[in-house]
Amino acid sequence: MSKNLWGGRFKKAIDQDFFNFQKSIHYDHKLVEYDLYHSIIHVSALREAKILNASEAKRLTSALNDIAREVMTNTFKPNPNAEDIHTDIHNRVTKKLGDLAQKLHTLRSRNDQVVFDEKWYCYKEGIYILGELNILLTALNHLGTRYKHIYLPGYTHTQRAQVVSFFNYTGAFFAMFERDFERIDMFVKRSSIYIGSGALAGSAIPKAAYSEAIKKFLAKIKYESKHGRSETVKNSLDNVASRDFVIEFLSILSMLQMHLSRMAEDFILYSTREFSFFDLPEEYCTGSSLLPHKKNPDFLELVRGNTGRIYGNLMSVLTTMKGLPLTYNRDMQLDKEPLFSSTETIKEELKISAGLINGLILNEDKIHKALEDEDLYATELVEFLVLKGVAFKNAHTLVGRLIRFTQDNDLKIKEMSDSDLKKFHKQLTAKDVKRIMNPEYAVASKKSIPTLKKATSKKPRKLK
Ligand code: ARG
């Protein structure tokens, strides 16, 4: 067993099963980099406050930097027997410096460290996800542009409704992911770094010492200050007691996941033999151990399936936090696995989704065939009559009757003669019907949405 950061008041050793039950090193080692930041800033604040002399501060900082170097070169191996990452780092410094390490934790609490670490994690991962989202937005933009000559049946209630341009279709997902981008961007920009709450009540180290230490550290690592503010603690109780930033991040990720899942569902549906609009790239499908012909959309299904876990992660932290008395409680240790799980899953999904979108092939023949369905143009016929002065309700009813008539008699409206059409309305001619009932007309007649030219000039937003 490794040495703990506590123990003086205990007569008995901790029960081994309980020790294993309560430790968090197996997941909170992911915070190692940020926990080292906290320690380096803390040492600097202790120096500012003259609690450490210059040589002590220098030796402690250098030991912490050595560990940071291991992290950066991927040679850091967490000690599985340590209680948590804070303890592990402390023990390593002790190994390097002996007694001096006992000054590292002066007037500091893990409660302050853990919230600092997690804030920094959300900030860093948020920025990473923005980059991945930008790649996905670019892929969607390319796909829409590659097939901008294509029209597609649009659906409501999973029933054919009206024709839309394919660019408008991909643009719908673009719009959703762009909003996700903006939400994360806002979240990251609002993130700030607090330090100095102690266990809950603050510490004897002056505010100015913390501020100075944070300022120096941020300058040293060239921290992009426009993405976050550094502050000393606003309210020390709130700082150690609150995890709304975790919940907010998980909630933004849940919405992003919902969009990924809806896109996955559309792609699954459109790649079925029944639809056959899309041909999924093989690299993102798997086969069946029994059915030799199968090409299954497993990636998309797993994206859809992951939604349960990602919503669950949000609900898990919300529920853990509900009813906790102020301030820190050990329950809060359990926010990390949900946070890491959602973050890591979303990162993978975004990356692979962009690859799949880049390789997506449209089955143009099948789509053309589907566009022959005259139902898709019923609304355009109504609109045509409305523009000729027919009241909308009347036009709606008579086109409904016309559709019904053709269905009952196994006819095509486009093949009906002028005289037959006139039985439904005197303004309906075979020439007009042919002109109206085609995808180009249907899409071009929509004046309330951006034109294709305007829409195609839309570029994914840049990371500012
Ligand atoms: N492992 C703990 C967590 O993740 C760190 C804080 C422990 N604080 C304490 N007073 N036991 O929340």
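Structure: above.
The structure displayed is predicted, hence computed values, not measured ones.

So, the overall build of the chain
Here's step 1: Check the secondary structure of the chain and you find 19 helices and six strands.
Here's step 2: Whereas a compact globule of 464 residues would reach a radius of gyration of roughly 23 Å, the chain reaches 31 Å, over 25% beyond that.
Here's step 3: Projected onto the principal axes, the alpha-carbon positions of the chain cover approximately 100 × 55 × 40 Å.
Here's step 4: Taking the intrachain contacts of the chain between residues at least 6 apart in sequence as the baseline, contacts between residues at least 24 apart amount to 78%.
Here's step 5: Taken as a whole, the chain presents about 23,600 Å² of accessible surface, with 55% of it coming from carbon and sulfur.
Here's step 6: If you average the places of the 70 positive and of the 57 negative side-chain charges in the chain, the two averages end up 5 Å apart.

So, the nonpolar core
Here's step 1: V93, F177, L256, F267 and L428 are the most contacted members of the largest nonpolar core, which totals 130 residues.
Here's step 2: In this view, L256 contacts I129, L133, F177, D180, I184, I346 and L350; residues no more than four positions away in its chain are not counted.

Focus: the site of the ligand
Here's step 1: In the vicinity of the ligand, the residues found are S24, D84, H86, R110, N111, V114, Y328, Q333 and K336.
Here's step 2: At a separation of 3.0 Å, a nitrogen atom of the ligand approaches a polar side-chain atom of N111.
Here's step 3: With respect to the ligand, the side chain of Y328 contributes an N or O atom lying 2.5 Å from an oxygen atom.
Here's step 4: Within the complex, the protein chains bury 86% of what would otherwise be the 340 Å² of accessible surface of the ligand.
Here's step 5: Counted by class, the shell around the ligand contains two nonpolar, four polar and three charged residues.

Details of the pattern of salt bridges
Here's step 1: The final tally for this structure, using the stated rule, is 27 salt bridges.
Here's step 2: For E70, the salt bridge is made with R92, and the minimal N-O distance between the two is 3.8 Å. Placement of the pair is E70 in helix 4 (residues 54-72) and R92 in helix 5 (residues 85-97), with a sequence separation of 22 residues.
Here's step 3: Its salt-bridge partner being R404, residue D408 comes within 3.3 Å of it at the nearest N-O pair. Here D408 pairs with R404, and both are found in helix 15 (residues 392-408), just four residues apart, close to one helical turn. No difference in accessibility class separates D408 from R404, as the two residues are exposed.
Here's step 4: One salt-bridge network, in which partners are shared between bridges, spans E83, D84, R110 and R330.

Quick look at the packing of helix 10 (residues 244-270) against helix 12 (residues 336-358)
Here's step 1: Between helix 10 and helix 12, the least distance of the axes is 10 Å, while the angle of their chain directions is 35 degrees. The hand of the helix 10/helix 12 crossing is left-handed. Residues V246, F249, L250, L253, L256, Q257, L260, M263 and F267 of helix 10 form the contact with helix 12, whose participating residues are P338, L339, S342, T343, I346, E349, L350, S353, L356 and I357.

What to know about the packing of aromatic side chains
Here's step 1: With the rule as written, the count across this model stands at 23 aromatic pairs.
Here's step 2: With centroids separated by 6.3 Å and ring planes inclined at 75 degrees, the aromatic side chains of W120 and F217 adopt a geometry described as edge-to-face. You can see W120 sitting in helix 6 (residues 110-146) and its partner F217 sitting in helix 8 (residues 207-220), a full 97 residues away along the chain.
Here's step 3: A relative accessible area of 3% places W120 in the buried class.
Here's step 4: Since its relative accessible area comes to 6%, F217 is described here as buried.
Here's step 5: Plain terms: the ring middles of F166 and F278 are 6.2 Å apart, the flat faces sit at 90 degrees to each other, and that makes the pair edge-to-face. Separated by 112 residues along the polypeptide, F166 in helix 7 (residues 166-190) and F278 in strand 5 (residues 278-279) bring together distant segments of the chain.
Here's step 6: The rings of Y147, Y155, F166, Y169, F173, F267, Y270, F275, F277 and F278 are connected pair by pair, giving a single aromatic cluster.
Here's step 7: One Lys or Arg, K119, reaches over the ring of F245 and ends 5.3 Å from the middle of that ring.
Here's step 8: The ring of Y128 carries the charged tip of K347 above its face, separated from the ring centre by 4.7 Å.

So, how was this worked out
Residues numbered from 1 in each chain as written. Predicted model: local features only at pLDDT ≥ 70, side-chain atom pairs only at ≥ 80, totals over all residues. Heavy atoms only, no water. Helix = DSSP H or I, 4+ residues; strand = E, 2+ residues; numbered from the N terminus. Rg over C-alpha atoms; globule rule 2.2 N^0.38 Å. Contact = heavy atoms within 4.5 Å. Areas by Shrake-Rupley, 256 points an atom, 1.4 Å probe, with all protein chains shown as cover. Lys, Arg positive; Asp, Glu negative; His and termini not counted. Charge placed at Lys NZ, Arg CZ, Asp CG, Glu CD. Core = buried A, V, L, I, M, F, W, Y, C linked by side-chain atoms within 4.5 Å. Buried < 20%, exposed > 50% of the residue type's maximum accessible area, 1.4 Å probe, protein only. Near = heavy atom within 4 Å. Polar contact = N/O pair within 3.5 Å; in protein donor to acceptor, adjacent residues only side chain to side chain. Nonpolar A, V, L, I, M, F, W, Y, C, P; charged D, E, K, R; others polar. Salt bridge = Lys/Arg side-chain N within 4 Å of Asp/Glu carboxyl O. Axes fitted to C-alpha atoms, helices over the stretch in contact; angles between N-to-C directions. Left-handed = near helix turned anticlockwise from the far one by under 90°. Phe/Tyr/Trp six-rings, centres within 6.5 Å; stacked < 30°, edge-to-face > 60°. Lys NZ or Arg CZ within 6 Å of the ring centre and 35° of its normal.

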